[in-house]
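Listed below, chain by chain, are the residues.
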Amino acid sequence: MKAVTSLIIGGIVSSLTAYNILQSTSKWAPKIIDRCFHSDKLRVVYTGISSMLDRVLCFYVHFNQQALHDIVGLPLTQLLMAAFGTSFAIMAFEGSRKELKRSTLLVGFPLLGLLANLVGISVVFPAIWIPLYLYSVENKVFKADDFFVSMPRVYGILAGLVVGYGIPSAIISSPLVTKNSSIEQDLLCIWQVLPVLIVPLFGMMEKGFKKMGSVTDTIEDAEMKTRLTLVEGKDALERSFLFLGLLNMVIYGITYVATVHQGIHIWDSILLLLNAPSNLPVGLTFQELGQLLCARTALVEYISLSISFALWAMFNSGIIAGLLVFIATPIIGPAAAISFYSYYRETRIDHNTTSLEKKRK
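If you're wondering where the values come from, they're calculated on a predicted model, not measured in any experiment. Position labels on residues start from 1 in each chain and follow its written sequence. Owing to the predicted nature of the model, reporting of local features is limited to residues with pLDDT of at least 70; listing and counting of side-chain atom pairs is limited to 80 or more, with chain, interface and lining totals taken over all residues. Side-chain metrics in this entry use all non-hydrogen atoms of the structure; hydrogen atoms and water are not considered.

Visitor: Mind showing me how you'd approach the packing of aromatic side chains here?
Guide: Pairs of aromatic rings are described using the distance from one ring centre to the other and the angle between the two planes. Note on aromatic contacts: the rings of Phe and Tyr and the six-membered ring of Trp form a pair at centre separations within 6.5 Å, being stacked when their planes are under 30 degrees apart, edge-to-face when over 60 apart, and tilted otherwise. Considering all chains together, one arrives at 18 aromatic pairs under this definition. Judged by centre distance (5.5 Å) and plane angle (20°), the ring pair of Trp 129 and Tyr 133 falls under stacked. Here Trp 129 pairs with Tyr 133, and both are found in helix 7 (residues 121-137), just four residues apart, close to one helical turn. Secondary structure counts use DSSP, requiring at least four H or I residues in a row for a helix and at least two E residues in a row for a strand, with both numbered from the N terminus.

Dropping the structure here:
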C-alpha cells in the first residue's frame with residue numbers, strides 16, 4: 001500500500017515540478033533547442049559519435065551553463081548538486097544491501113542516476129526510486145543480515161562519490177573554470193553521465209579499503225567474526241551518513257554566507273525567481289532571460305527535491321519523521337536533513353530486523 005501511495009504522491013509532485021519548469025522556460029528553451037538542432041551558432045560537437053547525441057548534449061550543456069552564470073543561479077546550482085550527490089548516495093547504499101542488490105531493481109542505481117541527470121532528480125527520486133524501494137521491501141520479512149553492506153563497500157561508495165562527483169562538481173561551479181570556455185562545456189558534458197562513470201570508481205575504492213584490512217581479520221571464531229562484520233558495516237553506514245550530514249550543513253552555511261556577503265537579498269531573489277516568467281524585469285536580453293529562467297529551474301528542482309526527502313522520511317518512519325526533516329530543511333539544508341535522518345533510520349533498521357529475527361526464532 002505504501003508503494004502505491006508513494007507512487008501517486010511522488011507522481012503528483014514530479015508532474016507539478018516538470019509542468020512548472022516546462023511552462024516557465026517556454027519563452028527561452030525552445031529557441032535554444034532550435035539553435036542546437038538547426039544551426040551552428042552554438043557548439044554542437046562533443047563526442048563525435050552521433051550528431052543527434054551531440055545536439056542533445058548541446059542543449060543540456062547550454063542550459064546548465066546559464067544557471068552557473070547567474071548570480072543567484074550559481075549558489076542554487078551548487079546546493080542542488082550537493083542534494084543530488086546525497087540522493088545518489090542513498091540510492092547507492094540501498095542498492096548495495098545484501099538482499100536488495102540480489103533480488104530487486106534497486107541495484108540499477110547508476111541508471112537511475114543517469115536518468116535523473118536527464119529528466120531531473122526531482123522527478124526520478126520521488127516518482128521512481130521511492131516507490132521502487134517501498135515495493136522492494138513491502139510485506140517482506142528480512143533477516144538481520146539482509147540489509148548488510150560491507151564496510152569496504154560503504155566507504156568505497158562514499159570515497160568514490162566525493163572524488164568522482166563532489167570534486168568535479170565543485171570545480172565546475174568554481175572560478176577556476178572560465179565562463180563559456182570549451183573546458184566548461186566539456187566538464188558539463190562529462191557531468192551529465194557522471195552517475196555511470198563513477199561506478200567503476202566505487203569498485204576501485206572498495207578494493208583499496210579491503211586491502212587496508214579490518215579488525216575482524218584477526219578473529220578466528222566464525223560466528224563472532226560474522227557478528228563483528230555486520231556491526232562494522234552498520235557502523236560504516238552510520239559514519240557515512242553523519243559525514244554527509246556535516247558536509248552538507250557546512251556547504252549550506254557557506255553558500256548562504258557567501259550569497260549574503262555579495263549583497264544579495266535571498267528572500268527577494270527567491271520571490272523574483274518564483275514570479276518569473278509572468279513578472280520579469282524590463283529590458284532583459286535573451287541571454288539574461290536564459291540565466292534567470294535556468295536559475296529558476298534550479299530553485300524549483302531544489303524545492304521539489306526537499307519535499308521528496310521529507311516524503312522519503314515519512315514513508316519510512318512516519319509522519320513525525322517527515323515533519324522533522326521538513327522543519328530542519330530551511331535551517332540546515334535538505335541534504336543535511338535527510339542525511340541525519342538516514343543516520344537515525346540506520347539504527348532503527350538494525351533494531352527492527354534484529355527484533356524480527358528473534359521473533360522468528
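Visitor: Just checking my understanding: could you explain the packing of helix 1 (residues 2-24) against helix 14 (residues 286-317) for this structure?
Guide: Geometrically, a packed helix pair is captured by the angle between its two axes and the distance between the axes. Every angle, taken between N-to-C directions, lies between 0 and 180 degrees, and every axis is a line fitted to C-alpha atoms, over only the stretch in contact when it is a helix. With their axes 10 Å apart at the nearest point, helix 1 and helix 14 run at an angle of 170° to one another. Considering their axes alone, helix 1 and helix 14 lie roughly antiparallel with respect to each other. For the pair helix 1 and helix 14, the contacting residues are Lys 2, Thr 5, Ser 6, Ile 9, Val 13, Thr 17, Asn 20, Ile 21 and Ser 24 in the first and Leu 293, Arg 296, Thr 297, Val 300, Glu 301, Ser 304, Ser 308, Leu 311, Phe 315 and Asn 316 in the second. Nonpolar residues are Ala, Val, Leu, Ile, Met, Phe, Trp, Tyr, Cys and Pro. Charged residues are Asp, Glu, Lys and Arg, and all others, Gly as well, are polar. Considering only residue class, the contact of helix 1 with helix 14 consists of seven nonpolar, nine polar and three charged. Note on terminology: angles under 35 degrees are roughly parallel, angles over 145 are roughly antiparallel, angles of 65 to 115 are roughly perpendicular, and the others are oblique. By the convention used here, residues are in contact when the closest approach between their heavy atoms is within 4.5 Å.

Visitor: Would you mind showing me how to read the side chain of Glu 138 here?
Guide: Along the chain, the position of Glu 138 falls in the loop between helix 7 and helix 8 (151-172). The side chain of Glu 138 sits in the buried core without any salt bridge; Lys 2 is the nearest counter-charge, 6.9 Å away. A 3.5 Å cut-off defines polar contacts: any pair of N or O atoms within that distance qualifies, except that in protein one atom must be a possible hydrogen donor and the other a possible acceptor, and neighbouring residues in sequence count only when both atoms are side-chain atoms. One polar contact links the side chain of Glu 138 to the main-chain amide nitrogen of Met 1, over a distance of 2.7 Å. From its side chain, Glu 138 meets the backbone nitrogen of Lys 2 in a polar contact 2.5 Å long. What Glu 138 contacts, discounting residues up to four positions off in sequence, is Met 1, Lys 2 and Ala 3. Exposure categories follow from relative accessible area, calculated using a 1.4 Å probe and restricted to protein chains: below 20% of the type maximum is buried, above 50% is exposed, and the middle band is partly exposed. Charge assignment in this entry is limited to Lys and Arg as positive and Asp and Glu as negative, and neither His nor the chain termini are counted. Between Lys or Arg on one side and Asp or Glu on the other, a salt bridge is scored when a side-chain nitrogen of the former is within 4 Å of a carboxyl oxygen of the latter.

Visitor: Sorry if this is basic, but what is going on with the side chain of Glu 206 here?
Guide: Note on placement: Glu 206 falls in helix 11 (residues 199-212). Setting aside anything within four residues of it in sequence, one finds Glu 206 in contact with Ser 150, Pro 152, Arg 153 and Gly 156.

Visitor: How should I be thinking about the nonpolar core in this particular structure?
Guide: Side chains of a nonpolar character, in soluble globular proteins, are inclined to be buried together. Buried Ala, Val, Leu, Ile, Met, Phe, Trp, Tyr and Cys residues that are joined via side-chain atoms within 4.5 Å together make up what is termed a nonpolar core. By size, the foremost hydrophobic cluster in this structure holds 92 residues, and its most contacted members are Phe 125, Trp 129, Tyr 133 and Trp 312. Here the element with the most residues in this core is helix 14; it accounts for 15 residues. Residues within four places of Tyr 133 in sequence aside, it is in contact with Glu 94, Leu 100, Leu 106, Phe 147, Trp 312, Asn 316 and Arg 345.

Visitor: How should the packing of helix 8 against helix 11 be read in this particular structure?
Guide: Between helix 8 and helix 11, the shortest axis-to-axis distance is 7 Å and the interhelical angle comes to 130°. Taken together, the axis directions place helix 8 and helix 11 in an arrangement best described as oblique. The handedness of the crossing between helix 8 and helix 11 is right-handed. Here Pro 152, Arg 153, Tyr 155, Gly 156, Ile 157, Ala 159, Gly 160, Leu 161, Val 163 and Gly 164 of helix 8 come into contact with helix 11, specifically with Leu 201, Phe 202, Gly 203, Met 205, Glu 206, Phe 209 and Lys 210. The residue inventory of the contact of helix 8 with helix 11, partitioned by class, reads ten nonpolar, four polar and three charged. Helix crossings are classified by the rotation of the near helix relative to the far one: an anticlockwise turn of less than a right angle makes the crossing left-handed, while a clockwise turn makes it right-handed.

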